[in-house]
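# Structural features, examined
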Amino acid sequence: MVAPTVAGEWKERQDVDVEVRGTVAGGWEPVREAFARNFERLGERGAALAVYRDGRRVVELWAGTKDVDGDAPWQRDTAQVVRSATKGVAAAAVLMLHERGLLDLDAPVGRYWPEFKAHGKEGVLVRHVLGHRAGLPVLDRPLSFADAADPVRAAEAVASQAPVWEPGTDHGYHALTYGWLVDELVRRVTGKGAGEWIASEIAAPLGGLDLWVGLPSSEAHRVGRVGKVEAPEPAGALRARPKRSVTAAYADPDSLTRRAFAAIDPSPDHNDPAFHAAALPAANGIATADGLARFYASLVGPVDGVRLLAPDTVERARAEESAGPDRVLVVGTRFGLGYMLHGSASPLLAPGSFGHPGRGGSLGFADPEYGVAFGYVTNGFRRTVTADPRAQALIRAVRESLPSS
């Protein structure tokens, strides 16, 4: 059993002989070495990593097994559930609709979704949804998976929920409700759910991006089995800082932490084909590492001639919307418009980086100043919510590989 230490490293070393496959450009060899060490020292079972620099892929690596509990090798096209890393893709949909004049970030959500205004939510703005400031991280009545996957019933549940703090005055991670909020906003202005819109307006223009929110049956054979996600805890020194840790808060059935992560009850099986096929823009995206990195690369620059967001929109997306003690995650967090920002709870490449981790390990982000985009996916889910030590080791290697001037 590999156990996390207070310092955020995985204490026990595995005796493994894993063949790392793929390519790295000249000067990026430290990334390959760090990727291999994750298998040797950090208990990695199966994973892939892709890094882009100025729109060009400079790292593409994969190793281990496709299934966390199997022996079949990970292939170049293996995809995995990336959990909350999905949120960054969903945010791009909202930002693109803003650019097209269909959604005003400063408008009330109720302008587009009149039923939402019930129970004191008239003042919830679109930007509050993206910045986790809407006051709706929990549902008083958790949804079954069938209801969670039904866009009509899920939207009705969110619309009938009263906020647990005055919207716009504080922030707390909307672990699952974020997806239903974004999905209904996209649906109200386009007639398509967020997953369908992402497929047509993000994935297709990028040449059939290997990233889905609602997996087509034709791609089901590519998806590996992931491990079970246990009660969450922050990585590294964050465990020692808060008076009450996220682990302790999660153990309290009445806490916002536990209720936010239990908005679907019982928690769905992440290896169930029905879960893969559903469109839950907060939690069930499926991607290859290259799909995730290529997506982020296209936010900050052209990739094969395609750029998804204008530079001024990127600046708005990574401007701080929320910062400080998070009412759900307990530790201090920083959010822009739909993205986590570089900080102690979620260290990225540099102060200007923005992206989103997935609970258990996956991570995607971009840094405009360095022209870097990063995508990491794994089947070995850990208890980490934000700063997984495997991803952190890879980020350090990317930083080491960047030219000094």
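Since the structure is predicted, the reported quantities are computational estimates derived from the model, not experimental observations.

## A look at the overall build of the protein chain
- Helix and strand counts for the protein chain come out as 14 helices and 12 strands.
- For the protein chain, whose C-alpha radius of gyration is 19 Å, the value lies close to the compact-globule estimate of 22 Å for 405 residues.
- Viewed in the frame of its principal axes, the protein chain has a C-alpha envelope of about 55 × 50 × 45 Å.
- Scored against the burial criterion, the 405 residues of the protein chain give a buried share of 60%.
- Put simply, 67% of the contacts in the protein chain that link residues at least 6 apart link residues at least 24 apart.
- Carbon and sulfur atoms form 48% of the exposed surface of the protein chain, whose accessible area is close to 15,200 Å².
- Both charge centroids of the protein chain, one from 46 positive and one from 50 negative side chains, sit 3 Å from each other.

## A look at the side chain of Ser 84
- In this structure, Ser 84 sits in the loop between β4 (80–83) and α2 (86–99).
- Within the structure, Ser 84 has its side chain in polar contact with the side chain of Tyr 173 (distance 2.8 Å).

## Thoughts on the confidence of the model for the protein chain
- Taken over all residues, the pLDDT of the protein chain has a mean of 92, while the share at 70 or more is 92%.
- Considering only residues more than four positions removed or in separate chains, one finds that residues 1–14, a stretch of pLDDT under 50, has 34 contacts.
- A low-confidence stretch, residues 235–242 (pLDDT under 50), is modelled with 20 contacts involving residues beyond four sequence positions or located in other chains.

## Observations regarding empty space enclosed by the protein
- Considering all chains together, one arrives at 3 cavities of 30 Å³ or more under this definition.
- Taken as a whole, the largest cavity spans an internal volume of roughly 50 Å³.
- Residues of the lining of the largest cavity, tallied by class, amount to 6 nonpolar, 5 polar and 1 charged.

## A closer look at helix α8 (residues 194–203)
- Residues of α8 that are buried include every one of Ala 194, Gly 195, Trp 197, Ile 198, Ile 202 and Ala 203, and no others. On an axial view of α8, the arc spanned by its buried residues comes to 160°, and they lie on one face.
- Those residues of α8 hidden inside the fold are in contact with α2, α7 (177–190), β5 (211–212) and α12 (289–300).

## Some words on the side chain of Arg 318
- Relative to the helices and strands, Arg 318 is located in the loop between α13 (311–317) and β7 (322–325).
- Side-chain polar atoms of Arg 318 contact the backbone oxygen of Gly 352, separated by 2.9 Å.
- Those residues in contact with Arg 318 that lie beyond four places of it in its chain are Leu 341, Gly 352, Phe 354, Pro 368 and Glu 369.

## Points about the pattern of salt bridges
- All told, the structure shown has 26 salt bridges when counted by the stated rule.
- Here Asp 71 makes a salt bridge to Arg 45, at a shortest N to O gap of 3.9 Å. On the criterion of sequence distance, the pair formed by Asp 71 in the loop between β3 (56–64) and β4 and Arg 45 in the loop between α1 (29–41) and β2 (46–53) is long-range, its members being 26 residues apart.
- As a salt-bridge pair, Arg 316 and Asp 106 come within 3.9 Å of each other at their nearest N and O atoms. Taken as a pair, Arg 316 in helix α13 and Asp 106 in the loop between α2 and α3 (109–112) lie far apart in primary sequence, 210 residues in all.
- Taken together, the shared-partner salt bridges connect Glu 115, Asp 183, Glu 184, Arg 187 and Arg 188 into one network.

## Points about the sheet that holds β4
- The strand order across the open sheet formed by 3 strands is β4-β6-β5, and the pairing between neighbours is antiparallel. A strand with exactly one partner marks an edge of an open sheet, and here the two such strands are β4 and β5.
- As paired elements, β4 and strand β6 (residues 285–287) share 3 bridges and run antiparallel to each other. By the bridge assignment for β6, Arg 83 is matched with Gly 285.

## Observations regarding the packing of helix α6 (residues 151–159) against α7
- It is at 9 Å that the axes of α6 and α7 come closest, and there the two elements cross at 115°. Between α6 and α7, the crossing angle belongs to the class labelled roughly perpendicular. Taken as a pair, α6 and α7 cross one another with a handedness that is left-handed. Only Trp 180, Leu 181, Asp 183, Glu 184 and Arg 187 of α7 make contact with α6, whose side of the interface consists of Pro 151, Ala 154, Ala 155 and Val 158.

Cut-offs applied
Residues numbered from 1 in each chain as written. Predicted model: local features only at pLDDT ≥ 70, side-chain atom pairs only at ≥ 80, totals over all residues. Heavy atoms only, no water. Helix = DSSP H or I, 4+ residues; strand = E, 2+ residues; numbered from the N terminus. Rg over C-alpha atoms; globule rule 2.2 N^0.38 Å. Buried < 20%, exposed > 50% of the residue type's maximum accessible area, 1.4 Å probe, protein only. Contact = heavy atoms within 4.5 Å. Areas by Shrake-Rupley, 256 points an atom, 1.4 Å probe, with all protein chains shown as cover. Lys, Arg positive; Asp, Glu negative; His and termini not counted. Charge placed at Lys NZ, Arg CZ, Asp CG, Glu CD. Polar contact = N/O pair within 3.5 Å; in protein donor to acceptor, adjacent residues only side chain to side chain. pLDDT = per-residue confidence, 0-100. 1 Å grid on protein atoms, 1.4 Å probe; cavity = no way out; pocket = protein on both sides within 12 Å on 5 of 7 lines; lining within 4 Å. Points joined across faces, edges and corners; volume = space filled by probe spheres on them. Nonpolar A, V, L, I, M, F, W, Y, C, P; charged D, E, K, R; others polar. Arc of directions from axis to C-beta. Salt bridge = Lys/Arg side-chain N within 4 Å of Asp/Glu carboxyl O. Pairing = 2+ DSSP bridges. Axes fitted to C-alpha atoms, helices over the stretch in contact; angles between N-to-C directions. Parallel < 35°, antiparallel > 145°, perpendicular 65-115°, else oblique. Left-handed = near helix turned anticlockwise from the far one by under 90°.

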